[in-house]
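Structural characterization, general
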Amino acid sequence: MCAHVLVAEDDLMQAELIRRLLVKEGHEAVVVTDGRAAIDEARRRRPDLVVLDLMLPGVDGYGVCRVLRDDEEVPIPILMLTARSTEDDLLLGLDTGADDYMTKPYSPRELLARIRAVLRRTARPSEPATVLRAGGVTVDPVRHVATCDGAAVPCTPGEFAILHAMVAEPGRVFTRRQLLHHTRGHDRASTERAIDVHIMNLRKKIEPDPRRPARLLTVFGVGYKFAGGRDGG
């Protein structure tokens with residue numbers, strides 16, 4: 001698949017390397033070198049993916065991510081790149097709205113694999129998909145729209161993938177690794193904590209009281225499940 005990718009990276013050598021890798025893969029790539037330009041270009045071009053460096057001048061990667069998430073109806077997938085590698089940095093990046101997170105230095109092969117996984121997961125289906133309904137939640141994978149009790153639920157691509165998987169099989173217990181596979185296509189145990197962040201954010205959006213969840217339940221020692229049977233219609 002040919003995708004339009006926005007690369008926001010102020011290190012010109014890194015930016016050019018990423019651009020060449022993407023072009024070689026058959027994608028169209030545009031490079032910007034500061035956060036304000038990244039926001040403007042993303043709004044103007046609506047790319048299929050943003051490869052976003054955290055340490056951008058002007059507006060940093062966290063700020064860019066927040067702005068794009070706040071003004072999107074259909075979220076743009078974001079792969080965040082950073083030299084920071086602590087767990088707190090990882091969780092903050094995901095909590096801000098990034099769909100994946102890579103630390104520098106990284107191998108070109110792994111970067112391309114992550115990009116392919118995100119693009120596969122967020123690609124529009126070639127055939128109509130079933131609208132899922134369970135526990136008052138509706139998930140439409142074609143239109144990439146989720147609702148809860150009739151109200152729109154804004155989701156990042158990662159959150160949407162988790163909600164789609166769990167609403168499709170209400171009552172099934174998913175491990176973090178299984179949910180990680182749905183969100184990224186990778187089984188990397190070192191980043192399973194990211195699923196906890198996605199679940200926490202989804203609870204804020206679909207639970208009447210996120211502190212006492214009634215839909216997204218924790219199964220201690222195993223993972224999570226979606227409570228509630230299939231809705232009619």
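Our structure's up above, just so we're on the same page.
Residue numbering note: each chain is counted from 1, following its sequence as written. Since the coordinates come from a predicted model, pLDDT governs what is reported: local features require at least 70, and pairs of side-chain atoms require 80 or more to be given and counted, while whole-chain, interface and lining totals use all residues. Values shown for side chains rest on all heavy atoms present in the structure; no hydrogens or waters enter the calculation.

Observations concerning the overall build of the protein
Filter applied, for reference: What counts as a helix is a DSSP run of H or I of at least four residues, what counts as a strand is a run of E of at least two, and both are numbered from the N terminus. A 1.4 Å probe rolled over the protein chains alone gives each residue an accessible area, and that area as a share of the maximum for its type sets the label: buried under 20%, exposed over 50%, partly exposed in between. Each accessible area value is a Shrake-Rupley result obtained with a 1.4 Å probe; residue values ignore everything except the protein chains displayed when judging cover.
Scanning the protein from N- to C-terminus turns up eight helices and 12 strands. The 233 residues of the protein split such that 48% are buried. A total accessible area of about 11,200 Å² is found for the protein, and carbon and sulfur atoms account for 51% of it.

Concerning the pattern of salt bridges
What counts here: Any carboxyl oxygen of Asp or Glu within 4 Å of a side-chain nitrogen of Lys or Arg constitutes a salt bridge here.
Under the defined criterion, the tally for this structure stands at 18 salt bridges. Residues Glu16 and Arg20 are paired through a salt bridge, measuring 2.9 Å at the closest nitrogen-oxygen approach. Of the two residues, Glu16 and Arg20 are both situated in helix H1 (residues 12-24); the distance of four residues between them amounts to about one turn of the helix. The class for Glu16 is partly exposed, based on a relative accessible area of 28%.

A closer look at the sheet that holds strand S8 (residues 145-148)
Test applied: Pairs of strands are assigned from DSSP output, requiring at least two bridges between the strands.
Pairing in this open sheet of four strands is antiparallel, and the strands run S6-S7-S8-S9 from one edge to the other. The open sheet has two edge strands, strand S6 (132-134) and strand S9 (151-152), and neither has a second partner. For S8 and S9, the ladder comprises two bridges, and the chain directions are antiparallel. Within S9, the position partnered with Cys148 by the bridge is Ala151.

Description of the packing of helix H2 (residues 35-45) against helix H3 (residues 61-70)
For the record, the criterion: Every axis corresponds to a line fitted to the C-alpha atoms, with the helix fit spanning only the stretch in contact, and the corresponding angles, defined between N-to-C directions, vary from 0 to 180 degrees. Should an angle fall under 35 degrees it is called roughly parallel, over 145 degrees roughly antiparallel, and 65 to 115 degrees roughly perpendicular, with every other angle called oblique. Should the near helix be turned anticlockwise from the far one by less than a right angle, the crossing is left-handed, and should it be turned clockwise, the crossing is right-handed. Contacts are residue-level and defined by heavy atoms, with any inter-residue pair within 4.5 Å sufficient. Amino acids outside the nonpolar list (Ala, Val, Leu, Ile, Met, Phe, Trp, Tyr, Cys, Pro) and the charged list (Asp, Glu, Lys, Arg) are all regarded as polar, and Gly is one of them.
The N-to-C vectors of H2 and H3 enclose an angle of 25 degrees; their axes lie 9 Å apart at closest approach. Classed by the angle they form, the pair H2 and H3 counts as roughly parallel. Crossing geometry of H2 relative to H3 is assigned as right-handed. For the pair H2 and H3, the contacting residues are Gly35, Ala38, Ile39, Ala42 and Arg43 in the first and Val64, Val67 and Leu68 in the second. Partitioned by chemical class, the residues of the contact of H2 with H3 number six nonpolar, one polar and one charged.

A word on the nonpolar core
As a reminder, the rule being used: Residues belong to a common nonpolar core when they are buried Ala, Val, Leu, Ile, Met, Phe, Trp, Tyr or Cys residues joined through side-chain atoms within 4.5 Å.
Grouped together as the largest cluster of nonpolar side chains are 24 residues, with contacts concentrated most on Val137, Leu163, Met166, Val167, Ile206 and Phe226. For this core, the secondary structure elements donating two or more residues are S6, strand S7 (137-140), S8, helix H6 (157-168), helix H7 (176-184), helix H8 (193-206) and strand S12 (223-226). If one sorts the elements of this core by residue count, H6 sits on top with six residues. Contacts of Phe226, omitting those with residues within four sequence positions, involve Ala134, Gly135, Val137, Met166, Val167, Pro170, Gly171, Arg172, Ile206, Arg215 and Leu216. Ile39, Cys65, Ile78 and Tyr101 belong to the second largest nonpolar core, which has 20 residues in total.

Concerning the pairing of strand S3 (residues 49-53)
Counting buried positions along S3 gives five out of five residues, so the element sits mostly inside the fold. Here S3 shows two buried faces, one formed by Leu49, Val51 and Asp53 and the other by Val50 and Leu52. In the sheet, strand S1 (residues 4-8) pairs with S3 via four bridges, with the strands oriented parallel. Of the residues in S3, the one forming a bridge with Leu6 is Val50. Summarising the sheet, S3 and strand S4 (residues 78-82) pair through four bridges and their orientation is parallel. Note on S4: the bridge partner recorded for Val51 is Leu79.

The analysis is restricted to geometry; functional conclusions fall outside its scope.
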